[in-house]
Amino acid sequence: LTMALLLLVGAVIGGTVAYLIANTDPLVNTFTGGDINITLTESQNLDLKMVPGKKLTKDPKVTVKADSEDCWLFVKVEESNVSDFLTYSVDSSWTALSGQTGVYYKQVSASTSDQVFSVLTGDKVTVKTDVTKSMLTGLSESNCPKLTFTAYAVQQEGISTAADAWAKAN
C-alpha cells in the first residue's frame with residue numbers, strides 16, 4: 001500500500017511539472033517576378049504622300065506600361081533613302097547613345113500608370129523643299145524613303161550605364 005501511495009503521489013507531482021516552451025508563427029516569403037512591358041504604336045491611316053515642303057504626321061510613340069520596373073528605354077531609328085527627301089529630328093527628351101547610329105535612350109522610373117513618349121519632335125517629318133517631280137516619279141517600292149523604329153527596354157537594377165544596357169538589349 002505504501003508503494004502504491006508513493007506511485008500515486010509521484011504521478012500527481014510529475015503530471016503538474018510544466019516546461020516553458022515558445023514558438024512563432026511561420027514567416028513565409030513569396031518571391032515574385034519583376035517585369036517590363038512596352039509597346040510601340042503609331043496613328044493609323046497616316047497620309048505619307050510626299051509634296052515638297054509639306055509637314056507629314058509621323059507619330060511613333062513608345063509606351064512603358066503601368067507597373068513596369070525602372071528601365072533603360074531605347075528607340076532605334078533606321079533610315080533607308082531618307083536624306084534626299086525628308087528631314088526630321090528625334091524628340092529632345094531622348095539622348096543619343098554615344099557610339100551608336102540612330103539609337104536614343106532615356107531612363108524611366110516605375111509608375112502605376114502608362115508612360116507615353118513621342119519619338120519625333122512634333123510628331124512630324126518634313127518633305128524637303130528641293131524635292132522635284134522627277135525625284136518622286138523615280139521612286140518605286142524598293143527605293144522609297146523609309147523610316148523604321150524599334151523600341152527596347154532593359155531593367156535599370158544592376159545596370160549603371162545606357163551603353164551597358166544597350167549591350168544587353170542586343
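Whatever comes next refers back to the structure up there.
Below, the structure is looked at part by part.

So, the sheet that holds strand 8 (residues 115-118)
Thinking step 1. Taken together, the three strands give an open sheet; going across it, the order is 1-3-8, and neighbouring strands pair in antiparallel fashion. Across the chains shown, the open sheet's two edge strands, defined by having one partner strand only, are strand 1 (38-41) and strand 8. Neighbour to neighbour, the strand axes of the sheet diverge by 20° on average, direction disregarded.
Thinking step 2. Across four bridges, strand 1 lies against strand 3 (residues 61-64) in antiparallel orientation. In the strand pairing of strand 3, T41 is matched with K61.

Looking at the pattern of salt bridges
Thinking step 1. All chains considered together, the criterion is met by four salt bridges.
Thinking step 2. Here D123 and K61 are joined by a salt bridge, their closest N and O atoms 2.8 Å apart. One end of the pair, D123, is in the loop between strand 8 and strand 9 (124-127); the other, K61, is in strand 3, and 62 residues separate them in sequence.
Thinking step 3. With a shortest N-O distance of 3.1 Å, D114 and K65 are connected by a salt bridge. Here K65 lies in the loop between strand 3 and strand 4 (71-80) and D114 lies in the loop between strand 7 (103-108) and strand 8, a separation of 49 residues in the sequence.
Thinking step 4. For D114, a relative accessible area of 38% puts it in the partly exposed group.
Thinking step 5. With a relative accessible area of 31%, K65 lands in the partly exposed category.

As for the environment of I36
Thinking step 1. Along the polypeptide, I36 turns up in the loop between helix 1 (2-15) and strand 1.
Thinking step 2. The class of I36 is partly exposed, set by a relative accessible area of 22%.
Thinking step 3. Sequence-wise, I36 and S140 are 104 residues apart; in three dimensions their C-alpha atoms are separated by 39 Å.
Thinking step 4. In this structure, I36 is in contact with S68, E69, D70, C71, A153, V154 and Q155, ignoring residues within four places of it in sequence.

Considerations on unusual backbone geometry
Thinking step 1. With phi around 70°, D67 is a residue other than glycine that occupies positive phi space.
Thinking step 2. Tracing the sequence through the fold places D67 in the loop between strand 3 and strand 4.
Thinking step 3. Phi at D123 takes a positive value of approximately 55°, unusual for a residue other than glycine.
Thinking step 4. With a relative accessible area of 18%, D123 lands in the buried category.

Definitions and limits used
Residues numbered from 1 in each chain as written. Predicted model: local features only at pLDDT ≥ 70, side-chain atom pairs only at ≥ 80, totals over all residues. Heavy atoms only, no water. Pairing = 2+ DSSP bridges. Helix = DSSP H or I, 4+ residues; strand = E, 2+ residues; numbered from the N terminus. Axes fitted to C-alpha atoms, helices over the stretch in contact; angles between N-to-C directions. Salt bridge = Lys/Arg side-chain N within 4 Å of Asp/Glu carboxyl O. Buried < 20%, exposed > 50% of the residue type's maximum accessible area, 1.4 Å probe, protein only. Contact = heavy atoms within 4.5 Å.

By themselves, these are just geometric observations and shouldn't be taken as functional.
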